[in-house]
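The primary structure of each chain is shown beneath.
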Amino acid sequence: AHYGAAILASITGDLEGMLTESRELLDMRIVGSSDWFAALVLVASAEHRLGHLEAAIRLADEIIDASHRYADRNTMWSGPQLHAIILRTLGEADAAATIRARFPANLSGFYLAGFLVELDPWLDDQLGAEHRRGLRALAATMTPQELTAVAHEAERRHFDLPLEVS
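These remarks concern the structure in this document. Quantities reported herein were computed from a predicted structural model and do not represent experimental measurements.

Here is what the cut-offs are and how they apply
Residues numbered from 1 in each chain as written. Predicted model: local features only at pLDDT ≥ 70, side-chain atom pairs only at ≥ 80, totals over all residues. Heavy atoms only, no water. Salt bridge = Lys/Arg side-chain N within 4 Å of Asp/Glu carboxyl O. Helix = DSSP H or I, 4+ residues; strand = E, 2+ residues; numbered from the N terminus. Buried < 20%, exposed > 50% of the residue type's maximum accessible area, 1.4 Å probe, protein only. Phe/Tyr/Trp six-rings, centres within 6.5 Å; stacked < 30°, edge-to-face > 60°. Contact = heavy atoms within 4.5 Å. Polar contact = N/O pair within 3.5 Å; in protein donor to acceptor, adjacent residues only side chain to side chain. Axes fitted to C-alpha atoms, helices over the stretch in contact; angles between N-to-C directions. Parallel < 35°, antiparallel > 145°, perpendicular 65-115°, else oblique. Left-handed = near helix turned anticlockwise from the far one by under 90°. Nonpolar A, V, L, I, M, F, W, Y, C, P; charged D, E, K, R; others polar. Core = buried A, V, L, I, M, F, W, Y, C linked by side-chain atoms within 4.5 Å.

### Examining the pattern of salt bridges
Throughout the structure, instances matching the rule amount to five salt bridges. A salt bridge links Asp120 to Arg100, with the nearest nitrogen and oxygen atoms 3.0 Å apart. A residue pair is termed long-range when its members are at least 10 positions apart, and Asp120 in helix H7 (residues 113–127) and Arg100 in helix H6 (residues 93–100) qualify at 20 residues. Using a relative accessible area of 22% as the deciding quantity, one classes Asp120 as partly exposed. Asp120 is the partner of Arg132 in a salt bridge, and the nearest nitrogen-oxygen pair spans 2.9 Å.

Structure below.
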């Protein structure tokens, strides 16, 4: 019931309702299960949409950490996707493009799809094709931890985040 209510709240623009129902859903799931990851992404998406960017950053990091801890390859890109979306919201095009370069072009999460569809055209407009190619080459040499560090560095320009965000 909470899942359906969260999705309906999202569709109707009731972001507080989306957040409340998503949190309830999260509390009912087994930590590390695919349902738990979906609920975590839903909570993070609600936090982002409500403008609670620091909370969304912490959740993106939690998703990254948990996807490694539970070896969940289905969700391994959800955290970086969230960081890229947050960085777009903050106007941090270089960092967003660097992170975006590492996940597949056709990859999208249900809750993040609308934001991801807008990301590439925004990055093209902000940076241009040649600059993005250079960032793709740089990103190809980076580990997931280095990519997260790029996100954190840019996010710290806007928020007083601890050195270890997660």
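Picking up after the structure, the text goes on.
### A word on the packing of aromatic side chains
One pass over the structure, following the stated rule, counts one aromatic pair. Geometrically, the ring pair formed by Trp36 and Phe37 is edge-to-face, given 5.1 Å between the ring centres and 70° between the ring planes. Phe37 sits in the buried class, given a relative accessible area of 1%.

### Quick look at the environment of Gln145
On the secondary structure map, Gln145 appears in helix H9 (residues 144–156). Considering only alpha carbons, one finds Gln145 and Ile64, 81 residues apart in sequence, at a separation of 9.5 Å.

### A word on the environment of Arg49
Structurally, Arg49 can be placed in helix H3 (residues 34–49). When its relative accessible area of 30% is taken as the criterion, Arg49 is described as partly exposed. Taking the C-alpha atoms as reference, Arg49 lies 10.0 Å from Met18; in sequence the two are 31 residues apart. Apart from the residues lying within four places of it in its own chain, the contact partners of Arg49 are Ser10, Leu15, Met18 and Phe115. Side-chain polar atoms of Arg49 contact the side chain of Ser10, separated by 2.8 Å.

### A few points about the side chain of Thr98
On the secondary structure map, Thr98 appears in helix H6. Within the structure, the side chain of Thr98 is placed 2.8 Å from the backbone oxygen of Asp94, a separation counted as a polar contact. If we skip the residues at most four places from it in the chain, Thr98 touches Leu135, Ala139, Met142, Leu147 and Val150.

### Focus: the packing of H6 against helix H8 (residues 129–140)
Packing of H6 against H8 brings their axes to within 8 Å, and their N-to-C directions diverge by 55°. Accordingly, the angle class assigned to the pair H6 and H8 is oblique. Once H6 is placed against H8, the crossing between them reads as right-handed. In this structure, H6 uses Asp94, Ala97, Thr98 and Arg100 to contact H8, whose residues at the interface are His131, Arg132, Leu135 and Ala139. Looking at the contact of H6 with H8 residue by residue, the classes come out as three nonpolar, two polar and three charged.

### A closer look at the nonpolar core
The tendency in soluble globular proteins is for nonpolar side chains to be buried as a group. If you look at the biggest cluster of nonpolar residues, it comprises 22 residues, and the most contacted ones within it are Met18, Leu26, Trp36, Leu40 and Leu42. Secondary structure elements with two or more residues in this core: helix H1 (2–12), helix H2 (15–28), H3 and helix H4 (53–69). At nine residues, H3 tops the list of elements feeding residues into this core. If sequence neighbours within four positions are ignored, Trp36 has contacts with Leu26, Arg29, Ile30, Val31, Glu62 and Ala66. Among the nonpolar cores identified, the runner-up in size contains 21 residues, and Ala95, Leu123, Leu127 and Leu147 belong to it.

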